[in-house]
Structure formats: structure tokens, C-alpha cells
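Per-entry structural report
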Protein chains: 2
Amino acid sequence: MTSKKAHSSALQEKAGISQPESISSQSVEHIQLSRKVQPSAEELVEGILAGNITALSRAITLVESTNPIHLAKANTIINSCLAHANQSARIGITGVPGVGKSTFIEAFGKHLTSLGKKVAVLAVDPSSTISHGSILGDKTRMEELVKDPNAFIRPSASGETLGGVARKTRETITLCEAAGFDTIIIETVGVGQSETAVHSMVDFFLLLKIAGAGDELQGIKRGIMEMADAIVINKADGDNIKKAQFAKVEFNRALHLFPAKKSGWTPKTATCSALTSEGIPEVWNTITEFLNLTQSNFSFFEKRKEQNQFWMLETINHQLKSNFYNNPEIEQLLDSTKKAVQNDEISPFAAATLLLEKYFTK
Amino acid sequence: MTSKKAHSSALQEKAGISQPESISSQSVEHIQLSRKVQPSAEELVEGILAGNITALSRAITLVESTNPIHLAKANTIINSCLAHANQSARIGITGVPGVGKSTFIEAFGKHLTSLGKKVAVLAVDPSSTISHGSILGDKTRMEELVKDPNAFIRPSASGETLGGVARKTRETITLCEAAGFDTIIIETVGVGQSETAVHSMVDFFLLLKIAGAGDELQGIKRGIMEMADAIVINKADGDNIKKAQFAKVEFNRALHLFPAKKSGWTPKTATCSALTSEGIPEVWNTITEFLNLTQSNFSFFEKRKEQNQFWMLETINHQLKSNFYNNPEIEQLLDSTKKAVQNDEISPFAAATLLLEKYFTK
């Protein structure tokens, strides 16, 4: 779907057939997409494992679909990809709007590809449904990375709930890993609950900050600081360097108030400039250090196991609720019951019992 | 169940029948409890509305039961009590072990009854199932309040999950209010998630602290400070007064970092000594100030409506899960499926789908 030109497409795979230059890859894409016959799950898996970006994008589209047939196909694909997934570093990046997430990811991603890594950038942004814009939507802010053949950028899935968006992103990770991406970056918005969801699918959680504007302690109120494995103060350039250094010291002090992490990792603070790339390599060094530590003490693998189980239970709970609240009889009764509960005409517990009886004796 | 001697019992209600002194009220209680015929829901409601503590205790026992027949009866009672409930101030009190919660509640409760208030003290302590001790279990720490005819102390319901314990306490509030208690204090342990549950059932949330021992910023790590409407530093007596004053200033500064509350209330800090009762009346004055503000700007009532709805949805979600995880087929499959998911043999999502299909096509 995105940055396709820079990647090998399914057509280019057919070695030996040279394409006349008069056929633009855009037209090819158009024709491809309009074809009635969709590739089978097996074909898509084959494509993904060969590192084919078109196949990957199509599989992600199936994951993001609401059509049950698509979802069944997506499940088949994901299960076939599983054995080839998991060989990656999953990095979550959060920060409120204005801290320069896009420019940071651009600089950080370029650094990673320069080291020979294959980088997938995904996003969890539940607001994208409403705003139709949002993070990663405007890829012009990652101009360089978009053109990089070793980078794959996919905007946030849209969906009504954060849970839905997050689940789809979690599944997309597996597909990207199977396609050979060894570093998965998951960006999120830095407002609301999306951090917790992203934290549940990554190995390393990076909190991006800038100095000043009362931003220093902003994180505290949402417990985000507690989740952070590193706090990086961006825009440490020009007149800002001193302020950024000061903020780093502040954050470092604050981090020490939190209890020690199960992994044995002590969260780090750093400054960087996404603009000049100053400090960007050091961020990756910190992450490498983290990976070495947690993989050697096995907490890395334990955490992934826990995360897998979390997502299974989360999916079950979501589906149970979805089935209940989409039940036509419940839908019809819910509003009036809520009102009665709010106005103390019926107790919250009696109301719940009433609805549940209707549901289970259908 | 508790402090029965001090209250009017069902027997004493039969005016005109004097009891020979040779029958101790304890023996009467014993005989009453061993009777085969249990009072009907109507009888219990009548008793509760008359302020009869035996009836109240029995109804609470029904709420806490796991027997479905008892629970149905409890629902009937609660619904009949609803119209007579809600006329109270609900106060949550939390603090880690050692801050002197019991002595604070003793002093605070005595102050309230001295003002003519009727005080019910409940607790949410999911650990009580395991420890068989825990908060409010040892009522000797509230010796004075136990003997007070205008106080009713009920230890935490026991249960396997916090959610279960919390729901039972939420229902007990309604019963206590219907029995004429106008101030409901809900104590919780200050560790873990129980604060959030208690916060969802009270109007005012009080965080109890002591000076020193690194306790000042302890609250931050669990977002408890953000929920607090007041932070009270206890044990401000003797050599401790200066330290307590200092801690108060610290907390006050920290509180200002949090965003303004929807209610328009600015969280307050104070010091007190539960031992000498110094500062205890001021705590109640602060709460009165809070109640006046939030009732006049209606946020008090809005919050209660939201809380009612929250508990309805919470109960539904709990029951949906309970029904699923207690399904015999699911119980049999769950462990092996979890293992497969942890070891990446099947994706979390495919595993969830598998279990859900089994469940819904039963």
C-alpha cells in the first residue's frame, strides 16, 4: 500500500520478464487491485515469507477488515507466519504531539537501516478514525524513510475502539516479522490509554519528551513514566541544549522513584536531536544494551509469553462483550436500562442481572 | 453481626415484651441464627428501613453469599432499599499499612458520631481471603467506634477477585444507606488496584500518609495521588510535627502538577494526629466544603450517575467472563491453549477464536 515503488513488487518477482517503461508501477498497482481474483492465503503467506511488500500489505488489509471471511483468512495467514515471526526487536515510541515523534522516527529509522536493519513502522492511534489525519497519516514527515527500501511504514489501523486498533497492530507485527523485518517500531500518540496497549506488545518502551513547557512531569499523571525503559529528550539542539540537559537530570531523578523493573533493567535518560541526528545512535545502543541484558536473563522471553497470553485473554474478553452488546435484544434494552440505573430506579447489579438473563436465555 | 449489643435488635423492637435479664443477648442471637426459618426479603427490608442492625447484617450476608438463591434474594432487597438509599456522603480512605488507618478511622468516626452522624465503616480488601486477617478484621483497633451505637463496622467481604469483593461492598453501601447511615467510610489497603475500585464507589477519596520513610512520593507510582481529593498526613504529633508539616508542603506542590478535576475541586493537604485527634475536625470540614461545592455545581450527582453505570457494565463484563471461563469445555481447553499461545504455536488471536467458537456453538 505504501512506499511500494521502493520495494520489490509481486510483478518484479517474476524474473526474466522485463516490463516496458511505459507501464507505470502505479498503473500496475491499480490493475492488480481491481482484479476479481484475490490471492489465496497460501499465496499471501508465500509472498510474505519472500519479503514481498504487496503481499504483506494485502495481508495487513485482511487483518484490518471487519469482514468475517477476511478475518478468517487473516487468521490462517498469521498462523502460518508464526513460525517465521518473533525474531525481532519491538520498540514502542510515545510522546505528546509536538515532541517530534515523526522526525525522531525518521532519523532513528534511517540510522537502523544504515546498520543493515529492516525496519517496520506501525502505529496505534485510535483517534485516526475520527480525525482521518493523525500520526503516520502524513508520511511527508518521514520523507527519507518512506523512500528507504529497507523500511516499511504502515499507518494506524482505524477502528472504533482502542482495543480493536491495538489488536490489529499486534497481529500486523507478526506479519511484518515473517516478512523479514527485524526491528518493529510502534508509534503511539501520547494521550490517553494507547500507551498501555502498545506497552503490552513491545519489548522496549521509549518515551519521547522535549524540555520546558511544563512537559517534564507530564508523564506522571498517566503512569507513562513508569512504563518507560528510556526517556529521550528530543530537540536538544541550538538554544535548547542546556534546557534539554536539565530536563534529562530532572527525569533521571524522577525515574529513581519508581520501583525496580522485573527485567533488572534500570531505565535510562538521554537527549537527542532528530534534526541533526545527534544522540540518535546512542538511543539504539541503549536498546541493544537492554536486549542483551533481558535476553541473557530470559526476562525478554518471559515477557513475550506473558504478552501473548494477555492478547489471547484480551481478545476473548473483547469478543464476549462484543457478542453481548451487539445482541439485538440487549441493544434495544441497554439505553433505557442505563437511564434507570443512573437515576437509581434499579440497582446497577439488578440491572446487570436482568440484561444477562435476557442474553443467556435467548 | 458486629457491635450488635450496642444497637437495637429485632427482639428489642417488640415493644412491651420485657426480657428477663437471665437471657443474655448473645444467647438470643445464637438461637435466632440457628432458626430454620430465615426472614423473608420483605421482612429484612422492613428491618433495614427501621434501622435494625441484625436485619442489615443478615442482608449483607446474603449479598456476600455465593449461593444463587441468596443472591436473588439480595437483589430483591437492594432494589427495595434503593429509594431509601443515596442520602449519604461516601468517603474512601486509603493508605499503605503503617499509616494508621484504623486509628484514623476510629478518631474520625468518633468525631462524626459526636456531630450526630450515623457512620458505617466498610472495607475493600481482596487479600482478606488469603490472609484471614487484614484491615478491619482486628476490630480491637477500633475499640471505641465498635461500642458506638451510631457506628456500624463491617469487615471486607471475602472473594477470589477484587472485582467480586468490590461489587459486594458497593451493594452493601446501598443497604447501609437504607438503614439510615448518612456517612459511609470505605477503607482500602493502599496496595494494588483496590483504590481504583473504591474510587469508583465514593464521593470523596482521602489518601492517608505519614511523613518520612520515602513515603512522600509513594503514591505517584500507582496514580493514587491523582485520585485523591485530600492527602492527610497522619501521626503529626510529638517529634513528628515538623516532618509532617514538611511532607504536607511537598504533597501540596506535587498535587498542583495534576490536571484540574472535573468537579472544580482543588485537592487539599492537611496534617492530623489520630492519637490526639488534632486536625481530625478539619478533615471533616474539608469534606463538607467538598460536598457543598460539588452538590451546588451538580458534579456530585453526575459522578454518582457515572458510577452507577460503571458498576452495571462492570458487573455485566464480569458475568460474561465468568460464564465463559467456567464453561466445562473451556476449562478443559484453556491451559493447553495458553501454553500453545505462550510458545508461539498458535497466535493469541487464533487461539481466542478457537475457544470462542467452542463456546458459542455449544
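Refer to the preceding data block for the structure.
Structural notes, computed from the coordinates. (Residues numbered from 1 in each chain as written. Chains lettered and ligands numbered in written order. Predicted model: local features only at pLDDT ≥ 70, side-chain atom pairs only at ≥ 80, totals over all residues. Heavy atoms only, no water.)

So, on to the sheet that holds strand β6 (residues 230-234) of chain B. Residue and element names in this part refer to chain B. Strand order in the open sheet formed by 7 strands is β3-β2-β4-β1-β5-β6-β7, and the pairing between neighbours is parallel. Looking at strand neighbours, the two that pair on one side only are β3 (151-153) and β7 (268-271), the edges of this open sheet. Strand-to-strand twist of the sheet, defined as the mean angle between neighbouring strand axes without regard to direction, takes the value 20°. Inspection of the sheet shows β6 paired to β7 by 4 bridges, in the parallel sense. If you follow I231 over to β7, its bridge partner there is T269. Taken strand by strand, helix α6 (residues 101-114) contacts β1 (89-94), β2 (119-124), β4 (183-188), β5 (204-210) and β6, and its axis lies near 175° from that of β4. (Pairing = 2+ DSSP bridges. Helix = DSSP H or I, 4+ residues; strand = E, 2+ residues; numbered from the N terminus. Axes fitted to C-alpha atoms, helices over the stretch in contact; angles between N-to-C directions. Contact = heavy atoms within 4.5 Å.)

In this structure the tally under the stated criterion is 26 aromatic pairs over all chains. Where F204 of chain A meets F290 of chain A, the ring centres are 5.0 Å apart and the plane angle is 80°; that geometry is what we call edge-to-face. Of the two residues, F204 of chain A sits in strand β5 (residues 204-210) while F290 of chain A sits in helix α13 (residues 280-296), which places them 86 residues apart along the sequence. Under the relative-accessibility criterion, F290 of chain A is labelled buried at 3%. Pairing F204 of chain B with W265 of chain B gives two aromatic rings, centres 6.4 Å apart and planes at 70°, and the pair type is edge-to-face. Taken as a pair, F204 of chain B in strand β5 and W265 of chain B in the loop between α12 (241-255) and β7 lie far apart in primary sequence, 61 residues in all. The exposure class assigned to W265 of chain B is buried, which follows from its relative accessible area of 4%. These aromatic residues form a ring-pair network of at least three members: F324, Y325, Y359 and F360 of chain A. Its end group placed over the ring of W265 of chain A, K268 of chain A keeps NZ or CZ at 4.0 Å from the ring centre. (Phe/Tyr/Trp six-rings, centres within 6.5 Å; stacked < 30°, edge-to-face > 60°. Buried < 20%, exposed > 50% of the residue type's maximum accessible area, 1.4 Å probe, protein only. Lys NZ or Arg CZ within 6 Å of the ring centre and 35° of its normal.)

Okay, helix α4 (residues 53-64) of chain A next. Residues and elements named next belong to chain A. Helix length check: α4, at 12 residues, gives a terminal C-alpha distance of 16 Å against a target of 16 Å (1.5 Å per residue), a fit within 8%. Taking burial as the measure, the 12 residues of α4 include 10 buried ones, the bulk of the element. Restricting attention to buried positions, one finds in α4 the residues I53, T54, A55, L56, S57, R58, A59, I60, L62 and V63. The residue sitting at the N-terminus of α4 and contributing the capping side-chain oxygen is N52; that oxygen lies 2.8 Å from the backbone nitrogen of T54. (Expected span 1.5 Å × (residues − 1). Polar contact = N/O pair within 3.5 Å; in protein donor to acceptor, adjacent residues only side chain to side chain.)

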